[in-house]
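Close look at the chain arrangement
Residues per chain are reported as follows:
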Amino acid sequence: MERTLLIIKPDGVQKHLIGEILSRVEGAGLTIKSMRMLQLDRRTAGRFYAVHRGKPFYQSLIEYMTSGPVVVTALEGLSGVNRLRSLIGATDPSQAEEGTIRRLYGDSIERNTVHGSDSAENGLVETAFFFGTAELDITTENAQDESYVNR
Ligand code: IDP
Ligand code: MG
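Rules and cut-offs
Residues numbered from 1 in each chain as written. Chains lettered and ligands numbered in written order. Predicted model: local features only at pLDDT ≥ 70, side-chain atom pairs only at ≥ 80, totals over all residues. Heavy atoms only, no water. Near = heavy atom within 4 Å. Polar contact = N/O pair within 3.5 Å; in protein donor to acceptor, adjacent residues only side chain to side chain. Areas by Shrake-Rupley, 256 points an atom, 1.4 Å probe, with all protein chains shown as cover. Nonpolar A, V, L, I, M, F, W, Y, C, P; charged D, E, K, R; others polar. Buried < 20%, exposed > 50% of the residue type's maximum accessible area, 1.4 Å probe, protein only. Helix = DSSP H or I, 4+ residues; strand = E, 2+ residues; numbered from the N terminus. Pairing = 2+ DSSP bridges. Phe/Tyr/Trp six-rings, centres within 6.5 Å; stacked < 30°, edge-to-face > 60°.

A short note on the site of ligand 1
In the region of ligand 1, the neighbouring residues are Lys9, Tyr49, His52, Phe57, Leu61, Arg85, Thr91, Arg102, Ile109, Glu110 and Asn112. Within the side chain of Thr91, an N or O atom sits 2.6 Å from an oxygen atom of ligand 1. Contact distances for ligand 1 include 2.8 Å between an oxygen atom and a backbone N or O atom of Glu110. Burial of ligand 1 by the protein amounts to 78% of the accessible area it has alone, namely 520 Å². Of the residues in the shell around ligand 1, the class split is four nonpolar, three polar and four charged.

Section: the pairing of strand E3 (residues 70-77)
Within E3, eight of the eight residues are buried, which leaves it mostly tucked inside the rest of the structure. Alternating positions in E3 separate into two faces, Val70, Val72, Ala74 and Glu76 on one and Val71, Thr73, Leu75 and Gly77 on the other, with burial throughout. Note: strand E1 (residues 2-8) against E3, seven bridges, orientation antiparallel. Note that in E3 the partner of Arg3 across the bridge is Glu76.

A short note on the packing of aromatic side chains
Summed over all chains, the structure comprises four aromatic pairs. Between Phe48 and Phe129 the ring centres are 5.5 Å apart and the planes differ by 65°, which places this aromatic pair in the edge-to-face class. Of this pair, Phe48 sits in helix H3 (residues 42-48) while Phe129 is found in helix H7 (residues 120-130), placing the two residues 81 residues apart along the sequence. Of the residues examined, Phe48 reaches a relative accessible area of 12% and is grouped as buried. For the pair Phe129 and Phe130, a centre-to-centre distance of 4.8 Å together with 70° between the ring planes defines the contact as edge-to-face. For Phe129, a relative accessible area of 26% gives the class partly exposed. In this structure an aromatic cluster arises from ring pairing among Phe48, Tyr49, Phe129 and Phe130.

Comments concerning the environment of Ser79
With respect to the element layout, Ser79 can be found in the loop between E3 and helix H5 (80-88). A relative accessible area of 45% places Ser79 in the partly exposed class. Taking the C-alpha atoms as reference, Ser79 lies 30 Å from Phe57; in sequence the two are 22 residues apart.

As far as function goes, none of this settles anything; it's purely spatial.
Here's what the structure looks like:
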């Protein structure tokens, strides 16, 4: 089992894609452990994307990520990181595989609708960035029951 962080970015929220994206995520067998809508401030967005500090697109990325509300979602599942990344597609929507979320809904390499953690280690770090232990430990019998994942 791996944890991974999904962010529905400001363009995804603006386009009314929250339900559509969560539906795909659940349909792929990933379990939503915790979820919240929030407005990122520059400081928080900067800390989250610290690894990109200094890159040419960094300032613009922070502008974009703070331009409206986002939905942060902690997911869990078998090979959860890769499962979510497959669903999302490549960073640049024009390079992303047919049928992926970014290919379908992304506007550009920057405004690409969703974030997904890129490794199991970062999945743990990034879910802990937004959620406390108590929130991540929310579990119900039904949420863990694979028989509900069947579409
Ligand atoms: P990822 O989201 O597919 O893991 P990263 O390279 O980690 O891609 O970049 C983080 C985010 O920064 C991307 O999702 C995208 O919003 C933005 N970004 C990445 N590369 C570029 C670029 O070359 N130009 C503009 N924005 C970019
Ligand atoms: Mg990344």
